[in-house]
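Chain residues, written in single-letter form:
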Amino acid sequence: MIRHFKWHKKRAESLQYGFMRYSPTDDCSEHYNDCIHNKKQTHYHCLQSGCDKVYISTSDVQMHANFHRKDSAIIQEGFQRFRATEDCKTQMCAFYGQRTTHFHCRRPQCSFTFKNKADMEK
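Model, not experiment: these values are computed from the prediction. (Residues numbered from 1 in each chain as written. Predicted model: local features only at pLDDT ≥ 70, side-chain atom pairs only at ≥ 80, totals over all residues. Heavy atoms only, no water.)

**Q** Let's hear about the sheet that holds strand E5 (residues 102–105): which residues, and what values?
**A** Ordered by their spatial adjacency, three strands build an open sheet running E4-E5-E6, and the pairing between neighbours is antiparallel. Both edges of this open sheet fall to strand E4 (79–82) and strand E6 (113–114), since each of them pairs with a single strand only. Sheet analysis places E4 next to E5, joined by four bridges and oriented antiparallel. Bridge assignment links Phe 82 to a residue of E5, and that residue is His 102. (Pairing = 2+ DSSP bridges. Helix = DSSP H or I, 4+ residues; strand = E, 2+ residues; numbered from the N terminus.)

Quick look at the structure:
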């Protein structure tokens, strides 16, 4: 009974970070077909829309949750961040095709782009 209670407690904690926790006895294949950790070890799937990250380390879960929290704050300010590994798909962007982290203003009729996060204030 105590073990089962702890299982629920750990799952609830992972949900606070935006992850679904699966133990080795859980089957995640209903939602994640090709998961290499399924039924093998405890692992965590990110629940953010469009994110397919999966981790086995709780510290990695916390770091990744921080990534989404920062992106959310940037979006609330009216901007979108594109990491160096992401394609912004905006050919008019000064940073299009370059492998550099940069930002786009999301306000209507504004095509302002910049590299330095400090330029948001400007």
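**Q** I'd love a proper account of the sheet that holds strand E3 (residues 54–55), names of residues and values included.
**A** Strand order across the open sheet formed by three strands is E1-E2-E3, with antiparallel pairing between neighbours. The open sheet has two edge strands, strand E1 (19–22) and E3, and neither has a second partner. The strands touched by helix H1 (residues 2–16) are E1 and strand E2 (43–46); relative to E1, the strand with the most contacts, the crossing angle is about 155 degrees. Contacts between helix H2 (residues 58–76) and the sheet are confined to E1, E2 and E3, with E2 contributing the most and set at about 10 degrees to the helix. (Contact = heavy atoms within 4.5 Å. Axes fitted to C-alpha atoms, helices over the stretch in contact; angles between N-to-C directions.)

**Q** Give a description of the environment of Tyr 96 that names residues and reports values.
**A** Tracing the backbone through its elements, the reader meets Tyr 96 in the loop between E4 and E5. Each residue touching Tyr 96, except ones within four places of it in the same chain, is listed here: Asp 87, Cys 88, Lys 89, Thr 90 and Gln 91.

**Q** Which residues make up the environment of Asp 27, and what are the values?
**A** Counting through the fold element by element, Asp 27 comes out in the loop between E1 and E2. Classification of Asp 27 by relative accessible area gives partly exposed; the value is 41%. Spatially, the C-alpha atom of Asp 27 lies 37 Å from that of Arg 99, the residues being 72 residues apart in sequence. Dropping the residues within four chain positions of it, Asp 27 is found in contact with Tyr 22, Asn 38 and Lys 39. Within polar-contact distance, the side chain of Asp 27 engages the side chain of Ser 29 at 2.7 Å. (Buried < 20%, exposed > 50% of the residue type's maximum accessible area, 1.4 Å probe, protein only. Polar contact = N/O pair within 3.5 Å; in protein donor to acceptor, adjacent residues only side chain to side chain.)

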